Each structure stands twice: as structure tokens, then as C-alpha cells.
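Architecture at a glance
Chain by chain, the residues run as shown.
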Amino acid sequence: MAAVAPSSPQPVQPAPPGPPLWLLAELTYQCPLHCVFCYNPTDYTRYQRELTTREWIDVLTQARALGAAQLGFSGGEPLLRDDLEELVAEAHRLGYYTNLLTSGIGLTEQRARALKDAGLDHVQLSFQDSTRELNDFLSHTRTFELKQRAAALIKAHDWPMVMNCVLHKHNLPHVDKIIEMALALGAEYLELANTQYYGWALQNRAQLLPTRAELEAAEAVVQRYREQIGQRCRLLYVVPDYFEDRPKACMNGWGKVFLSIAPDGTAMPCHNAGELPGLQLPNVREQPLASIWRDSQAFNAFRGYGWMKEPCSSCDEKEKDFGGCRCQAYLLAGDARAADPVCAKSPQHEQVLRIVRQGQSAPPAAPQPLVFRSNPPVRRPR
Ligand code: FES
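Residues numbered from 1 in each chain as written. Predicted model: local features only at pLDDT ≥ 70, side-chain atom pairs only at ≥ 80, totals over all residues. Heavy atoms only, no water.

Focus on the packing of helix α4 (residues 132–139) against helix α5 (residues 144–156)
At a closest axis distance of 9 Å, the pairing of α4 and α5 adopts a crossing angle of 105°. When the axis of α4 is compared with that of α5, the two are roughly perpendicular. In this structure, α4 uses R132, N135 and D136 to contact α5, whose residues at the interface are F144, E145 and K147. Partitioned by chemical class, the residues of the contact of α4 with α5 number one nonpolar, one polar and four charged. (Axes fitted to C-alpha atoms, helices over the stretch in contact; angles between N-to-C directions. Helix = DSSP H or I, 4+ residues; strand = E, 2+ residues; numbered from the N terminus. Parallel < 35°, antiparallel > 145°, perpendicular 65-115°, else oblique. Contact = heavy atoms within 4.5 Å. Nonpolar A, V, L, I, M, F, W, Y, C, P; charged D, E, K, R; others polar.)

Written out as C-alpha cells, the structure is:
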């Protein structure tokens, strides 16, 4: 019997994708705030030509037909779109569970009532800190009282209230006061997510990165409150990736469940994907969403496991973390196909450890000034 030659490994085709369950509609990158940790792309002027109301409704309809179930209206500040109520009403009619991610600026009694009538299910309100001074400094606006008013409106209209406060070196020592504020405002859920370093936050990393001791002290406070308050307000505490030794399953895996649409209709498997080189990002103005989701180069670039290099390709944890975050791999290792350097198995992990070590030392006598996000002019055809 003739010997059978060992077959050469066949490229692994990713399985056909399931539905994009989670749709993020970034309605505008305009924002009244100038937060130093904003995750929006720093070059967002290139997404300037915003989709019209009709175009957004078409996107929502197509995504729902593909199986999208949860819809986040985000930005920038989505309340800056005066068609938000119309979009929420249409989303509600289509059967989405809708979530508004807002700074609260622009939420008046009249708009809150209209959004409630339109069927909005859920609101997530962001604060920068529990003190007016730091809240207003970090956002470069006088908005602390406005946010308190927005919180009262959310409660008055009977939405479940989720508060969000992005943590970093400047507000970590206030975590107890931030929790107290959330309790006083009647939040049912408080997300205390430490800054991750993309976009504007990456530019300000040297000023925002906490020490390990600061993170651990804040986590101990959160744990103490969890024991005291039980289910009254659920506290979520997320540490910066840089302090982990295994990466997060970013986006639950590229092109698996998450679909983000930028203000100009650019479709992205991750809201930072515009920063990755070599991706041909499709646009809903030019291509049906079904073919974007299933067939486009950008959505297939990191689907499945065939794109992986070592150490990810032979790692027994790859089905859990999908190699981590592609954007972080590019930003830290210069290669979007590399293992996320946060992972202790990555050859570039030392770089992350070095950044963390630098953050432990005393700040320089003349620290770099913080860079506040700016706002570009916008073109909004109707
Ligand atoms: Fe883009 Fe993680 S932020 S893949």
C-alpha cells in the first residue's frame, strides 16, 4: 500500500458569523465636554459627514433584520442630535432594547418625556468625579450641576439608572465619595471602569495612569461598600488592562457580536478600528449591512483563529480571550496580529510592565499638560 503523504495544514476558514447582537450607533462625535480620557478617535474630523435621520433608520432596520437585539445610542453626545427621539421611536418599533449613553448635557424635562414616550429603555449617565471641581476640570466645562439634574430626570422618568465614572489617578482617591454620590442619586448600578489607554486617554497616559497601590486601595473600598449595601446598588470595578497578566476578550471576539457605526456611516468591528492600518473599513452608504457584516475584509480580518501568530495560535486560552485586544496589540506592539502585550505570554509584555513601573515613580517636576479633547465643526445633512 502506498504511503500517504502528510497533508499540509489547510488555512482555517472562520465559521460564518452569528448575528451582530450588539449595535452601537455613534450618532455624532460632537460633544459639549472635553474629557481628557475620551475614547473617541483623536482624528474624528474624518467622520464629519454625519448620517441623516433616514440613513440611520435604514441602518437600524438592516441591523435588526440581521438579528441585532441591543442598541446603544452613543457619541460624542447623542443628545446633540435633535432627531434622537425619532431614532429611538423607530428602534423601539423595530423591537430593540435601547440604551442611551450620555453625559446628561442637553437632557431637559421635555426631552426626557419625549424619549420616554418614544420607548427608550435604559440610560447610562456619566460623571467625571464626585466633586464639582474635578468633574468640571476633567471635562473642561461647568457641568456638575447639570449632571445632577439629569440624574434626577432619569429617576423621575423611571428608567433604571446606571451611572458610569471613568477612574484614573486623579479620582481614584475619591471612589468612596463617588459611590456615596451614586447612592444619593438613586443609581441601581455604578460602573467604575478604570481608563483604558486608547484615543485621548493614550495621549494623557502619563498623567492618568495610577499606581498599583492606588488601584488596590480603591478596589478595597469598593469591596467594603459591596458588603455594606448589598443589592441596593451593584458596583462594577474594572482595572486597567495594563495591570492584568491575561488580556480581556475584547469585543467578545472580533466580528462576533459587536457592530459599531461611526457618525458618517463607517462600520467597524470595534469603535477604535479606524486606528488600525490595513483595514478597508466599509460604509453603510456604499454597501448593505449584511454584506459588511458577513463578507467585508475589515470584519473578517481577525475573525476565528486563522489570523493568529504565536504565542496565540497554540495557546489553550485563545477560545477564551481571542488573543486580546487588536487595537492594544497595534498601539503597543505595532502589529495588530500580535498577542495583546497585556498578556504575560506576549514577547512584548515587558513593555507594559515598563509603562506600569514608570507610573509608580514620582511625577516629574514639570509634568506634561493634559490634552483636552477638542470638537470639530460638523456637517449634518438632513
Ligand atoms: Fe479595538 Fe479592542 S479596542 S479590538
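After presenting the structure, the write-up continues.
So, the pairing of strand β7 (residues 234–238)
What you see with β7 is a clean split: L235 and Y237 sit on the buried side and R234, L236 and V238 on the side with no burial. Bridge count between strand β6 (residues 189–194) and β7: five bridges; the pairing is parallel. Looking at β7, one finds that L192 is bridged to Y237. (Buried < 20%, exposed > 50% of the residue type's maximum accessible area, 1.4 Å probe, protein only. Pairing = 2+ DSSP bridges.)

Some remarks on the pattern of salt bridges
All chains considered together, the criterion is met by 17 salt bridges. With a closest N to O distance of 2.5 Å, K248 and D241 form a salt bridge. Several salt bridges share partner residues, and in doing so they unite R246, D316, E317, K320 and K345 into one network. (Salt bridge = Lys/Arg side-chain N within 4 Å of Asp/Glu carboxyl O.)

Brief notes about the UniProt feature "binding site: [4Fe-4S] cluster" (unreviewed entry) in the chain
This chain's UniProt record puts "binding site: [4Fe-4S] cluster" (unreviewed entry) on C31, C35 and C38. Inspection of the secondary structure puts C35 in the loop between β1 (22–26) and α1 (53–66). For C35, a relative accessible area of 9% puts it in the buried group. With residues up to four places along the chain from it excluded, the contact list for C35 reads Q128, L138, S139, W200 and R373. Within the secondary structure layout, C38 lies in the loop between β1 and α1. (UniProt positions renumbered as here; feature names shortened; annotations may be inferred.)

Structural notes on the side chain of D264
Within the secondary structure, D264 is located in the loop between β8 (258–261) and β9 (267–268). The side chain of D264 sits in the buried core without any salt bridge; R285 is the nearest counter-charge, 5.6 Å away. If we skip the residues at most four places from it in the chain, D264 touches R46, Y47, R49, E50, L51, N283 and R285. (Lys, Arg positive; Asp, Glu negative; His and termini not counted.)

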